[in-house]
Amino acid sequence: MAQLNSHYLKLKAGYLFPEINRRVKAFTDANPEGAARLIRCGIGDVTEPLPEAVREALHKAVDEMGTRSGFRGYGPEQGYEFLRHAIAENDYRSKGLEVADDEIFVSDGSKCDCGNILDIFGHDNRIAVMDPVYPVYVDTNVMAGHTGEGDDKGLYSGLVYLPCNAENGFVPAIPKEKVDIIYLCYPNNPTGTVATRGQLEAWVAYALANDAVILFDAAYEAYIKDSSIPHSIYEIPGARRCAIEFRSFSKNGGFTGVRCAFTVVPKDLLCTTSSGEKKPLHPLWNRRFSTKFNGVGYITQRGAEALYSPQGKEQVAALVEHYMGNAAILRAAAAKCGLETFGGENAPYIWVRAPKGSSSWDVFDKMLNQANVVITPGSGFGPAGEGYFRISAFNSRANVEEVARRLSAVF
Ligand code: MLT
């Protein structure tokens, strides 16, 4: 009989968001009135319509594809040159950061990239993740067989957990031991907090000293307001030799349903072979793309390119301002209820400490049943998230104002 990948059987209950959906469905099936009032501030999914510049570019690309001369079949697996160039130029080179067009790999999402990147690493790396953590980093390592079993708290043996808490400002301390791969996500999902330049410098210094690779998830960089906070890991000298960066058009351009993202793999980034020889990762990732992917659709890539036009940039700025206005309202409302809040100033998530004696899922149930609002329980992001909950600012202004009112009714 064919064998399955038994590492999948180690995974806990289910990916966090499907589990939340399951509970919400049980509630709405049993409570039609509550269902009608339900407001979702759980998963960080955008709500506002696509920017006009994107819509125009999408329409134009559809029309082009409808002509003999403009029709395109398979495109370059790594992305069309027009988009790779727009990304490298606008997100990096115009900011003084050295990134070549062919170091950009266009994909259908950062979640996929964060999981797929494991294909180009060996299986004996010591892997460090933050706790709380975006569950994809952990689960994909479990699936790849990089961990042992999980315990009752959801901690997997074989992984190094870097606790993030109010005391360390949700930026983990540099580990005393040697690790080979470190996942960092800033602005952070789930805590909505940021890492300072000094903190990122310390991580890059650690990675260079230990021949480690930082997998830097910058999906929320557009939300940074504080000008002292780096938007890219490549703002830190030396990072080209030790870091891969993930970025997405989901949260800035509203592309969660359109699907487009990219990964930067610098050519200077080297890793060792099993015989100790140093080799670049770039050709491996390039090869992976050519073998396992046929590229993001032309139409979608034209839509993403439009985000870099002057109108596109203005429209993205307006979206960010909208969601950050929501974050300010939610943060203030939670604080007014006497709850301790974190994040929400340079990121669209507010991380809230649950009232004393309440667990994360207690708050989830209370918010669902009494306020008819869906939040995300902090414990779903790892044991260090227990006792916290996350409110997403991705919503309409009217819904956010209503959530603010309901919060004060519940707490
Ligand atoms: C979240 O809510 O944490 C995010 O929406 C998940 C994601 O971006 O995949």
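Residues numbered from 1 in each chain as written. Predicted model: local features only at pLDDT ≥ 70, side-chain atom pairs only at ≥ 80, totals over all residues. Heavy atoms only, no water.

(A) Representation of the overall build of the chain in the model. Scanning the chain for helices and strands turns up 13 helices and 15 strands. Relative to the 2.2 N^0.38 estimate, which gives 22 Å for 411 residues, the radius of gyration of the chain is 21 Å and therefore close to what a compact globule would have. Buried residues in the chain amount to 53% of all 411 residues. Sequence separation of at least 24 residues holds for 73% of the intrachain contacts in the chain that already meet a minimum separation of 6. Per element, the accessible surface of the chain, about 17,800 Å² overall, is 51% carbon and sulfur. Of the side chains in the chain, 43 bear a positive and 48 a negative charge, and the two mean positions are spaced by 2 Å. (Helix = DSSP H or I, 4+ residues; strand = E, 2+ residues; numbered from the N terminus. Rg over C-alpha atoms; globule rule 2.2 N^0.38 Å. Buried < 20%, exposed > 50% of the residue type's maximum accessible area, 1.4 Å probe, protein only. Contact = heavy atoms within 4.5 Å. Areas by Shrake-Rupley, 256 points an atom, 1.4 Å probe, with all protein chains shown as cover. Lys, Arg positive; Asp, Glu negative; His and termini not counted. Charge placed at Lys NZ, Arg CZ, Asp CG, Glu CD.)

(B) Representation of the site of the ligand within the structure. In the neighbourhood of the ligand, the contacting residues comprise F17, I43, G44, Y134, N189, Y220, K251, Y349 and R390. Interatomic distance of 2.6 Å between a backbone N/O atom of G44 and an oxygen atom of the ligand. Between the ligand and the protein, one listed contact pairs an oxygen atom with a side-chain N or O atom of K251 at 2.8 Å. Residues belonging to the shell around the ligand are distributed by class as follows: five nonpolar, two polar and two charged. Each of two domains, domain 1 (13–49 + 311–410) and domain 2 (55–308), supplies a minimum of three residues to the shell around the ligand. (Near = heavy atom within 4 Å. Polar contact = N/O pair within 3.5 Å; in protein donor to acceptor, adjacent residues only side chain to side chain. Nonpolar A, V, L, I, M, F, W, Y, C, P; charged D, E, K, R; others polar. Domains from an automatic or database assignment.)

(C) Structural detail: the domain arrangement of the chain. The assigned domain composition of the chain is domain 1 (13–49 + 311–410) and domain 2 (55–308). Inter-centroid distance (C-alpha atoms) of domain 1 to domain 2 is 26 Å. Taken together, the contact pairs 31 residues of domain 1 with 37 residues of domain 2. Of the roughly 2,700 Å² buried between domain 1 and domain 2 on both sides combined, carbon and sulfur atoms contribute 63%. Linking domain 1 to domain 2 there are zero salt bridges. The tally of links from domain 1 across to domain 2 stands at 11 residue pairs in polar contact (both at pLDDT 80 or more). Counting only elements with at least two residues in the side of domain 1 that touches domain 2, the list comes to α11 (310–336), β11 (341–343), β12 (349–353) and β15 (388–392). A class-by-class count of the residues in the side of domain 1 that touches domain 2 yields 18 nonpolar, eight polar and five charged. (Buried area = accessible area lost by both parts, 1.4 Å probe. Salt bridge = Lys/Arg side-chain N within 4 Å of Asp/Glu carboxyl O.)

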